Amino acid sequence: MVLEDVLEEHLDEAAFRWLQWERALEAPDFTLSDVARQEEQLAAHLHGLVLGGAEAAESLLWPALDSGDATRITAAAYALLGQGHVQAVLNFMAGEALEARAAVRRAVELSAAPNLGEHLLPLLKREDVSFQAQLLEALAFRHEASPELLAESFLHDEPEARMAALRASPPLPEATLRRLLPRLLESEHPGIRAAAMEAGLTSGARMAWEACRQAVRAWNAHTPQAMVLLALFGTDADTALLVDLLGARDMRPHALWALGFSGRLGAMEACLALLEDPLVARLAGEAFSAMTGLQLEGLYALPPGERPEGAPLPPELQEDLDADLVPKPEDALPWPCIGAVRYWWKEARPRFHAERRYLNGQPLEGPVLLEALTHGPMRRRHVLARELAIRSKGQHRIPTRAFTQRQWAALAQARVACEHLRLLPLERTLR
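A brief look at the structure comes next.

## Quick notes on the layout of surface pockets
Roughly 1,100 Å³ of volume is contained in the largest pocket. What lines the largest pocket is a set of 34 residues, among which Phe141, Arg167, Arg386, Thr400 and Arg401 lie closest to the centre. At the level of secondary structure, the elements contributing two or more residues to the lining of the largest pocket comprise helix H6 (101–110), helix H8 (129–141), helix H10 (159–168), helix H12 (190–202) and helix H21 (378–391). Residues that form the lining of the largest pocket fall into these classes: 15 nonpolar, six polar and 13 charged.

## Some details on empty space enclosed by the protein
If you walk through the whole model with that rule in mind, you get one cavity of 30 Å³ or more. Every residue along the wall of the largest cavity is listed here: Gly260, Phe261, Ser262, Gly263, Arg357, Tyr358, Leu359, Leu364, Leu369, Leu384 and Glu387. Breaking the lining of the largest cavity down by element, the ones donating at least two residues are strand E1 (358–359) and H21. Considered class by class, the residues forming the lining of the largest cavity number six nonpolar, three polar and two charged.

## With respect to the side chain of Arg357
Along the chain, Arg357 falls in the loop between helix H19 (338–348) and E1. Judged by relative accessible area, which is 8%, Arg357 ranks as buried. Within the structure, Arg357 has its side chain in polar contact with the backbone oxygen of Leu232 (distance 2.9 Å). Setting aside its immediate chain neighbours within four residues, Arg357 contacts Ala231, Leu232, Phe261, Ser262, Gly263, Arg264, Gln362, Pro363, Leu364, Glu387, Arg391 and Leu423.

## Quick look at the packing of aromatic side chains
Inspection of the entire model under this criterion finds eleven aromatic pairs. Where Trp18 meets Tyr78, the ring centres are 5.7 Å apart and the plane angle is 65°; that geometry is what we call edge-to-face. Of this pair, Trp18 sits in helix H1 (residues 2–24) while Tyr78 is found in helix H4 (residues 70–82), placing the two residues 60 residues apart along the sequence. An identical accessibility class is assigned to Trp18 and Tyr78; each is buried. Three or more aromatic residues joined by ring pairs make a cluster, and in this case those are Phe288, Trp344, Trp345, Phe352 and Tyr358. Geometry around Phe261 places Arg380 over its ring, the cationic atom sitting 4.1 Å from the centre.

About the thresholds
Residues numbered from 1 in each chain as written. Predicted model: local features only at pLDDT ≥ 70, side-chain atom pairs only at ≥ 80, totals over all residues. Heavy atoms only, no water. 1 Å grid on protein atoms, 1.4 Å probe; cavity = no way out; pocket = protein on both sides within 12 Å on 5 of 7 lines; lining within 4 Å. Points joined across faces, edges and corners; volume = space filled by probe spheres on them. Helix = DSSP H or I, 4+ residues; strand = E, 2+ residues; numbered from the N terminus. Nonpolar A, V, L, I, M, F, W, Y, C, P; charged D, E, K, R; others polar. Buried < 20%, exposed > 50% of the residue type's maximum accessible area, 1.4 Å probe, protein only. Polar contact = N/O pair within 3.5 Å; in protein donor to acceptor, adjacent residues only side chain to side chain. Contact = heavy atoms within 4.5 Å. Phe/Tyr/Trp six-rings, centres within 6.5 Å; stacked < 30°, edge-to-face > 60°. Lys NZ or Arg CZ within 6 Å of the ring centre and 35° of its normal.

Below, the structure is given as C-alpha cells:
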C-alpha cells in the first residue's frame, strides 16, 4: 500500500513537472540551464515510475493512458517505454484512442528506449494516414527518418506529415525543387507553405525567397512564419516592409515578434516608438532588448505588479467568463520603463550602424548566434535554431524542444561551424 502511494505520487508529480517543462521550453525568462535544472526533477519522478516495474505498469501507467490528461498520458507512456513495453505502447497509439495519440507521440519523440526507431518504421505501412503522420513526426524529431522517407512524404495526405518531412529534409535535389516546390509553396495550408519556404531556403532556392516576400506583401496571404523568415534573412528594405506592417494594429504582435530577429537599426527605432502602446509594449520591449542587449530589469522595467495606464488586465482579473486562463509566454515579459529606456537609447544609439545586424547588442556573427542559442531566452531559441539550420544547409539542427542533454550535444557539434558562419542577406547566396 505504501509503494502504491509512492508510485501514485511519482505519476502525479511527473505529469505536473512535464507540463512545467513544456511551458519552460517557451518561456521568455528561462534559459537552457534553467530548464536543465527543472528537467532533473521531472527525470527523478519518471525514473521512480520505471523502477516501479510491473506493479506501476498495471496499477497506474496503463490506466493513465485513458485518463484524458495529455501530460499524464505522456509521462505514463514515457515510463512504459522505459520499462521496455515499446510495441505495446505503439499498439495503443495505433488504436482507437485518437485523442491520446499526440500525447503518446511526444513520449516516443523523447524516449531513449533501445531500438525504438526500428519499431516505428514497419508501422508506417498501416493504412491509417493520421497514424502515419504521427509516426513520421516522431521519426523526424528523433532524426531517424531517411531522406527517402522524407521525400516520399512531401505530398502526404496529412498536412502534419508534409510539414514534418519538409522541415526535417536535407537540401532538396534540383529535380525535386523544380517538380514539387512550386506546388508546395502555393498550398492552401499556411503551415505547408511556411515549411516549404524553409525547405526551399535550406536548399538555396530563390523561388522560396520570392514566395516569402510575396506572402508578406500580400496582406491577405501573409503568414507569421514568412514574416520571421523575412526578418532573419532579408535586407534593410525587407525590414522596412515589416516596419510598415506595424501600422495595422492587428498585425503589430506578429510584426514585432519578427522584427526582434531582424537586428536592424530601423527595427530598433520602430520598437522603441511602440513602447508607448500598452497593448504591445511588452512585445516591443522584448524585441528591442533582443536586438540592443538592454536587459529590461531594474531601472528599465516597471516594478512588479505595476502596469501602465491602458494596459489590459490579466485574464484572471477580467470579467469575461470565456477568457483563456492558461498563462501565455508573453505574460512573463516585463513592462518597460519608457523614460529610462529612451534615456539609455540616446546614449547607446551611436554604437549601432544601419549596415549591420545585431543580436543582444553585438554585431551578429556565428559565435554570437551560438551564444544566444546556448544562453538566451528559451522563447526565442526556436527561431534562432531555424536560422542556424537554414544557413548551415540543414547540417546543424538544434532540437530546441528535446531534453537538454540532446540540445547541449547538438550545440557542441555546431560550435566549430558557427565560428565561420556568414550571416549575409540570403538573396546573395540563392540560385
